[in-house]
Amino acid sequence: MTPPNSSLPSDIHGFISHDARERFLRYTRVSTASDPSSTTRPSTSRQHDLLSILAQELTALGAHNVIHTPNGFVYATIPENSPHIPFGLMAHVDTSPDQSGEDVKPLLRENYDGGVLSFPDDPTLTLSCEDSPELKDFIGDTIITASGLTLLGADDKAGVAEIMSAVATFREFPTLRHGRIEVCFTSDEEIGHGVDGIDASRLPAHLYTMDGSYPGELETECFDALGVTVEFHGRGVHPGYSYGKMINAALFASSFIAALPKNERPETTKGREGFFHVSDITGNNEHAIVRMILRDFEHSKNLTRLELVRSAAMEIQNRNPGATITVTHTHQYENMREELEKHPAVIERALNAIADAGLSVRRKAIRGGTDGSRLTAMGYPTPNIFAGGLLFHSRREWIALSSMVKAVETIVHLARHHTTA
Ligand SMILES: [Zn+2]
C-alpha cells in the first residue's frame, strides 16, 4: 500500500522517514565548518570527523571500495542489483563559516502550526512565515531547526543524510532495482574548493549533487563568475607638505567604487540579473586594492561588466596625472547550462524522478556555483537536485522532515530511471 503523501509503499516510506531523520540529527551534531583562511586541505580537520563516520557507515551498509582520503573525500560503490546505467551522487560535509557550526543542537518541532517558532538558546531570535514564506507549505509537518546559537547545517548535511538513507533503503529493500551507484562526499565546498584534488577516475559519466533547497527544485544553471582586482598606485607625501605633490590612491579607489552602477549590486538584483560586488578594499595614499566579483548567467554580459570596470579605472587614471591603475581578472567558474544541454538524458531522468516523487518540478538557476558546476566544466555533467533546507548559512536555517523523505524518494526513482531503454 502506498500512503497518500508518498510515492513508495508504506513500509519503504516508513523506513525512510525514520532513517533519514536519525541520520540527519546525528550528522548535524558533528561540527564541520570549513575555514577560508586555512591553507590545508581539507581546510579544517573536523571535517574528517564526519567523513570517517560516513566511511564506517557505508562499509556497514555493504558498500564496496569505501575510501576515505587524507585530502577530504569519501568514495564508495553501491553494487548494482540490475543492469541499469551507473550514476553518481554527491554532497558536501562542510558547513558555511559565515555562521557558527559549533555544538549544533538540532530541534524537532512536530506538527508545525504555522505560527512563530522561538529558539531556546537565543530568546531574541524567532522564525516565522514572514522570514521564510515557504514555512506555510509545511503546516502539520515536522520542522527541524538549530537552537538559536548556530546554523543547522542542512546545507549540506540534508544531502548527505538523504544519500546515506537511499543507500540504506536499497539495502533494506532489494526489490528496488538500481545499477551501480558511486557515492562521493566532498569537503570545503562552502569555500570554493569542493572538487580540488577529486579523483576523477572514481566518477561515473554523470552525477547529481544533492545540494539544492525547496522540494522539487532542479538546478541546471549557475553563475558565470569573474574575480577582478583593481590596483591603484599613487604617491605618498607628508600631508602637511603635500601641496601639488600627493597623489592619493585611496581616494581613487573610492571614486572608482562610486562610479559602479548602483542598480547592479547583490542587494539590488535577483532572479537572472547579474551584479558587480566589491568584496574587499584596502589601501593608503601610496597603494590601494579593490577586490570584486562579477556575476551573471551570460559570460558575454560579464565581459561587458569587465569592460565597464576597465573604462571606469581608465577615466580616473586619465583625470589624475601620476596615478597608475591596473585591472586583472580570473574566470572563476562558468555557467554549466551549455555543457549540460549536451546531455539531455541526465536532466530528463532527474525531472522524471522528481515528478515520480509526487512533486512539481521547479527549474532554478543557482545564484552561485556548486561542486557540480566545476565538475560539469571538467566533463562530468552534474545538475543539482533539492535537498530541502531553507535560509542556509543562518541561525534560522530550517528543513521539513517531509522534504528529506521526498529527496530520498527522488533518489530511489532516479535509480529506476537509469535504464538503457
Ligand atoms: Zn551546499
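What counts, and at which threshold
- Residues numbered from 1 in each chain as written.
- Predicted model: local features only at pLDDT ≥ 70, side-chain atom pairs only at ≥ 80, totals over all residues.
- Core = buried A, V, L, I, M, F, W, Y, C linked by C-beta atoms within 7 Å.
- Buried ≥ 20, exposed ≤ 12 C-beta atoms within 10 Å, placed from the backbone.
- Helix = DSSP H or I, 4+ residues; strand = E, 2+ residues; numbered from the N terminus.
- Domains from an automatic or database assignment.
- Contact = placed C-beta atoms within 7 Å.
- Pairing = 2+ DSSP bridges.
- Axes fitted to C-alpha atoms, helices over the stretch in contact; angles between N-to-C directions.
- Expected span 1.5 Å × (residues − 1).
- Arc of directions from axis to C-beta.
- Parallel < 35°, antiparallel > 145°, perpendicular 65-115°, else oblique.
- Left-handed = near helix turned anticlockwise from the far one by under 90°.
- Nonpolar A, V, L, I, M, F, W, Y, C, P; charged D, E, K, R; others polar.

Attention now goes to the nonpolar core. Counting 103 residues, the largest nonpolar core has Ile163, Val167, Val183, Phe185 and Met404 as its most contacted members. It is helix α3 (residues 154-172) that provides the largest number of residues to this core, a total of 10 residues. Viewed by domain, this core spans two of them, domain 1 (10-222 + 335-416) and domain 2 (224-333), each represented by three or more residues. When near neighbours in sequence (up to four residues on either side) are disregarded, Val167 contacts Leu58, Leu61, Ala63, Ile78 and Val183.

With that settled, consider the sheet that holds strand β7 (residues 143-145). Across a sheet, strands are paired by hydrogen bonds formed along the backbone, either parallel or antiparallel in direction. One open sheet holds the three strands; their spatial order is β4-β7-β17, and the pairing between them is antiparallel. With one partner strand each, in any of the chains shown, β4 (107-109) and β17 (398-400) form the two edges of the open sheet. Looking at each pair of strands side by side, their axes are set apart by 25 degrees on average, direction ignored. Two strands pair when backbone bridges link them, and β7 and β17 are joined in this way by three bridges, in the antiparallel orientation. Residue pairing for β17: Thr145 is matched across the bridge by Trp398. Strands in contact with helix α9 (residues 401-416) are β7 and β17; relative to β17, the strand with the most contacts, it is inclined by about 65 degrees.

With six of its six residues buried, strand β9 (residues 207-212) lies for the most part within the structure. The pairing of β9 with strand β16 (residues 384-386) spans three bridges and is parallel. Bridging across to β16, Met210 finds its partner in Ile385.

Moving on: helix α7 (residues 344-356). The periodicity of an α-helix, 3.6 residues per turn, causes residues three or four positions apart to be oriented the same way. Its 13 residues place the ends of α7 18 Å apart at the C-alpha level, agreeing with the 18 Å of an ideal helix rising 1.5 Å per residue. For α7, the full list of buried residues reads Val346, Arg349, Ala350, Ala353 and Ile354. Projection of α7 onto a plane perpendicular to its axis shows the buried side chains occupying an angular sector of 130 degrees, all on one side. Residues Pro344, Ala345 and Glu348 are exposed on α7 and point more than 90 degrees away from its buried face. Against β9, β10 (217-222), α6 (337-341), β16 and α9 lie the buried residues of α7. Positive phi shows up at Gly358, right after α7, with a value of about 85 degrees.

For helix α5 (residues 299-319), spanning 21 residues, the distance from its first C-alpha to its last is 31 Å, which sits close to the expected 30 Å at 1.5 Å a residue. Those residues of α5 that are buried are in contact with β11 (224-233), α4 (249-258), β12 (275-283), β13 (287-296) and β14 (324-333).

On to the environment of Asp188, then. With respect to the helices and strands, the residue Asp188 is situated in the loop between β8 (181-186) and β9. For Asp188, a count of 27 C-beta atoms within 10 Å gives the class buried. For Asp188 and Phe119, which are 69 residues apart along the polypeptide, the C-alpha to C-alpha distance reads 28 Å. Each residue touching Asp188, except ones within four places of it in the same chain, is listed here: Ser34, Pro42, Ser43, Gly72, Asp94, His193 and Gly194.

Turning our eyes to something else, we now look at the sheet that holds β8. If you walk across this open sheet you meet the eight strands as β1-β2-β8-β3-β9-β16-β10-β15, and the pairing is mixed. Pairing within the sheet leaves two strands with one partner each, and these edge strands are β1 (64-68) and β15 (362-366). Direction aside, the axes of adjacent strands within the sheet are offset by 25 degrees on average. Pairing analysis gives five bridges linking strand β2 (residues 74-78) to β8, with the strands arranged antiparallel. Residue pairing for β8: Ala76 is matched across the bridge by Val183. Running at roughly 140 degrees to strand β3 (residues 87-92), α3 makes contact with β2, β3, β8 and β9 of the sheet.

All right, on to the pairing of β3 then. Strand residues, when the strand is regular, have side chains that alternate between the two faces of the sheet. Counting buried residues in β3 gives six out of six residues, a clear majority hidden from the surface. Two strands pair when backbone bridges link them, and β3 and β8 are joined in this way by six bridges, in the parallel orientation. The partner of Gly88 across the bridge, within β8, is Glu182. Two strands pair when backbone bridges link them, and β3 and β9 are joined in this way by three bridges, in the parallel orientation. Bridging across to β9, Leu89 finds its partner in Tyr208.

Its place among the elements puts Gly101 in the loop between β3 and β4. Look at Gly101 and you get buried, because 26 C-beta atoms sit within 10 Å. Expressed as a C-alpha distance, the spacing of Gly101 and Arg319, which sit 218 residues apart in the sequence, is 49 Å. Sequence-distant contacts of Gly101, defined by excluding residues within four places in its chain, comprise Ser31, Thr32, Ala33, Thr95, Thr150, Leu151 and Gly153.

Glancing now at the packing of helix α1 (residues 10-28) against α3. Contact geometry of α1 with α3 gives a least axis separation of 8 Å together with a crossing angle of 140 degrees. When the interaxial angle is binned, α1 and α3 end up oblique. Once α1 is placed against α3, the crossing between them reads as right-handed. On the side of α1, the interface is formed by Ile12, Phe15, Ile16, Asp19, Ala20, Arg23, Phe24, Tyr27 and Thr28, while α3 contributes Lys157, Ala158, Val160, Ala161, Glu162, Met164, Ser165, Ala168, Thr169 and Glu172. Each residue belonging to the contact of α1 with α3 can be placed in one class, and the counts come to 11 nonpolar, three polar and five charged.

Our focus in this paragraph is the domain arrangement of the chain. Domain assignment breaks the chain into domain 1 (10-222 + 335-416) and domain 2 (224-333). Averaged C-alpha coordinates put domain 1 and domain 2 at centres separated by 37 Å. Contacts between the two partners involve seven residues from domain 1 and, on the opposite side, six residues from domain 2. Within the side of domain 1 that touches domain 2, the residues separate by chemical class into two nonpolar, three polar and two charged.

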